[in-house]
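Chain by chain, the residues:
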Amino acid sequence: KTKWSRQNFVNVRPLRKAFSIYKQLCEQVQKVKSIGGGSEKLDNSEPLGDCLLKAILSGFFLNVCSIRPDGTYKRLFIEGESLCIHPASVAFNQKPEVVIYIELVNTSKLYMRNVSVLEASWLHEYGVS
């Protein structure tokens, strides 16, 4: 593993952490299956990515932001400073209308990290306007 990591310029520590999380998730899925849970079917008409984003939205709805005319973002539920998408984010140059973030970093500005783009129509499904 270490040799492969060096050859491919991959840091081993985060890789081990990711594998540990993967194993934990697999164990949890097996536990749910063994007690008879998880028999519900997903709506096949909806892409898995959208299902995951909606799950994140249900847990992090306080972190939903909408864009302002000046290109910064404001939180929908918490008054405060303007937020910006972190420059290292894939969404940095996209300027999406509605986003959700997991982490804030305070440097010269307040940056959102781990940003995902949301469909504005999803907010209404969760009682957010």
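Look up: the structure comes first, before these words.
Residues numbered from 1 in each chain as written. Predicted model: local features only at pLDDT ≥ 70, side-chain atom pairs only at ≥ 80, totals over all residues. Heavy atoms only, no water.

Participant: Is there a simple way to explain the nonpolar core in this structure?
Facilitator: Inside soluble globular proteins, nonpolar side chains tend to come together where they are buried. Judged by nonpolar contacts, Cys65, Tyr73, Leu83, Ile85, Ala91, Val99, Tyr101, Leu110, Met112 and Val115 together constitute the single largest core of 10 residues. In terms of nonpolar packing, the next biggest core, distinct from the first, is built from 8 residues, Leu53, Val64, Leu118 and Leu123 among them. (Core = buried A, V, L, I, M, F, W, Y, C linked by side-chain atoms within 4.5 Å. Buried < 20%, exposed > 50% of the residue type's maximum accessible area, 1.4 Å probe, protein only.)

Participant: Is there a simple way to think about unusual backbone geometry in this case?
Facilitator: Across the chain, the bulk of peptide bonds are trans and the bulk of non-glycine residues have phi less than zero. Phi is positive for phenylalanine 9, which is not a glycine, with a value near 55°. Within the secondary structure, phenylalanine 9 sits in the loop between α1 (2-7) and α2 (12-34). In the Ramachandran plot, asparagine 114 falls in the positive-phi region, its phi being about 55° despite a non-glycine side chain. Following the sequence through the fold, asparagine 114 ends up in the loop between β6 (110-113) and β7 (116-117). Of the residues examined, asparagine 114 reaches a relative accessible area of 46% and is grouped as partly exposed. (Helix = DSSP H or I, 4+ residues; strand = E, 2+ residues; numbered from the N terminus.)

Participant: What is the right way to look at the sheet that holds strand β3 (residues 84-85) in this model?
Facilitator: Strand pairing in a sheet takes place through backbone hydrogen bonds and is either antiparallel or parallel in direction. The sheet built from 3 strands is open, its strands ordered β3-β6-β5 with mixed pairing. Among the strands making up the open sheet, the edge pair consists of β3 and β5 (103-106). Note that β3 and β6 share 2 bridges and pair parallel. By the bridge assignment for β6, cysteine 84 is matched with tyrosine 111. (Pairing = 2+ DSSP bridges.)

Participant: Please explain the pairing of β5 as it appears in this structure.
Facilitator: Here is the key point about a regular strand: its side chains alternate between the two faces of the sheet. Bridging between β5 and β6 involves 4 bridges; their strand directions are antiparallel. Looking at β6, one finds that valine 105 is bridged to tyrosine 111. Hairpin geometry of β5 and β6 is characterised by an intervening segment of 3 residues between the two adjacent antiparallel strands.

Participant: Just checking my understanding: could you explain the pairing of strand β1 (residues 64-67) for this structure?
Facilitator: Strand direction decides the pairing type here: β1 and strand β4 (residues 98-100), joined by 3 bridges, are antiparallel. Bridge pairing links valine 64 to isoleucine 100 in β4. In terms of strand pairing, β1 meets strand β2 (residues 73-75) through 3 bridges, oriented antiparallel. Across the sheet, serine 66 pairs through a bridge with lysine 74, a residue of β2. Count of turn residues in the β1/β2 antiparallel hairpin: 5 residues, of which glycine 71 carries a positive phi of about 95°.

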